[in-house]
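# A structural walkthrough
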Amino acid sequence: MAAYIDTLPPWPEQDFAEFGPVEVRKLGRIQQLTASFLGRNWVAIPHVTHQDEVDVTALEGARKAWNAANPDAKATLLVPVVKALAAALRAYPVFNTSLMADGKSLVWKDYVHIGVAIDTPGGLLVGVVRDCDRKAPPLIAKEIADLSARARAKGLSMAEMTGGSMTISSLGHIGGTAFTPIVNAPEVAILGMTRLQLRPMPGEGDAIEWRQMLPLSLSYDHRVINGADAARFVRRVGDELASYRFE
């Protein structure tokens, strides 16, 4: 990889002031670190992104009913996705591996820790929630809220940002229909989610039913994951969401 990079032309330098007023601002420390890590991951990992939509109509109905009955403990869609992802990682353990630096060995993990990408004023941080396969949803929700608040206020320690099995990057509160999240090495895959979409589906007879579909974007390291398993993995996440119960 380094040999290939050395053959590329130098980064273009331009005096932008030739074209009009400009201002130069230093990137923040978090932005600089994130940029270096993401640049490395994008160049070093052969990315493929699998796009799909899963039906969450029943889940959304149950979530809204829960929130109406529990206004002090409202549920978001993120926690069910965390639980569904944890179950899928147990069902397809190759997604819960890390490729060694020599590219010849895989580390298989017998724990399920989920990273959650957090948008902060200083840049993107990933807080890791431990043992998501064994924790109850309310506890996961509490830990995500705590990590998010501290990440935005003063940042997170390295211990709180490492050791993940897979990361979730959610843009659903903003918008979008699909994107290509960059794998958070040394993980081998990352799951992106965007805003719910209403889709017409055939119902009984000639009726049309409108279903709420969640777009999922699974980027994966093609050295470890193949396309068929990626498709099965996303469908398993959808199946887990379909059977999720708020309680």
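Now for a description of the structure that goes with this document. From a predicted model like this one, the values you see are computed outputs, not experimental measurements.

This paragraph deals with helix 5 (residues 137-153). The terminal C-alpha atoms of helix 5 lie 24 Å apart, and with 17 residues this matches the ideal 24 Å at 1.5 Å per residue to within 8%. Of the residues making up helix 5, those classed as buried are Ile140, Ile144, Leu147, Ser148 and Ala151. With its buried residues spanning 100° around the axis, helix 5 presents them on a single face. Opposite its buried face, helix 5 presents the exposed residues Pro138, Lys142 and Ala153, each directed more than 90 degrees away. In this fold, the buried residues of helix 5 make contact with helix 4 (78-91), strand 4 (114-120) and strand 5 (123-129). Gly155 lies just past helix 5 and shows a positive phi near 95°.

The next subject is the nonpolar core. If you look at the biggest cluster of nonpolar residues, it comprises 47 residues, and the most contacted ones within it are Phe95, Met166, Leu214, Leu218, Phe233 and Leu241. Of all elements in the fold, only helix 4, strand 4, strand 5, helix 5, strand 6 (166-170), strand 7 (189-193), strand 9 (208-221) and helix 6 (227-242) reach the threshold of two or more residues within this core. A per-element tally of this core places helix 4 first, with 9 residues. Residues in contact with Phe95, not counting those within four places in the same chain, are Leu89, Ser165, Met166, Val188, Ala189, Leu218, Ile225, Asp229, Ala230 and Phe233.

What follows is about the packing of aromatic side chains. All told, the structure shown has 3 aromatic pairs when counted by the stated rule. Where Phe95 meets Phe233, the ring centres are 4.1 Å apart and the plane angle is 20°; that geometry is what we call stacked. On the criterion of sequence distance, the pair formed by Phe95 in the loop between helix 4 and strand 2 (97-99) and Phe233 in helix 6 is long-range, its members being 138 residues apart. Assigned by exposure class, Phe95 and Phe233 land together as buried. Pairing Tyr244 with Phe246 gives two aromatic rings, centres 5.0 Å apart and planes at 80°, and the pair type is edge-to-face. Like Tyr244, the residue Phe246 is buried in the burial classification. What links up through ring pairs into an aromatic cluster is the set Tyr92, Phe95 and Phe233.

Cut-offs applied
Residues numbered from 1 in each chain as written. Predicted model: local features only at pLDDT ≥ 70, side-chain atom pairs only at ≥ 80, totals over all residues. Heavy atoms only, no water. Helix = DSSP H or I, 4+ residues; strand = E, 2+ residues; numbered from the N terminus. Expected span 1.5 Å × (residues − 1). Buried < 20%, exposed > 50% of the residue type's maximum accessible area, 1.4 Å probe, protein only. Arc of directions from axis to C-beta. Contact = heavy atoms within 4.5 Å. Core = buried A, V, L, I, M, F, W, Y, C linked by side-chain atoms within 4.5 Å. Phe/Tyr/Trp six-rings, centres within 6.5 Å; stacked < 30°, edge-to-face > 60°.

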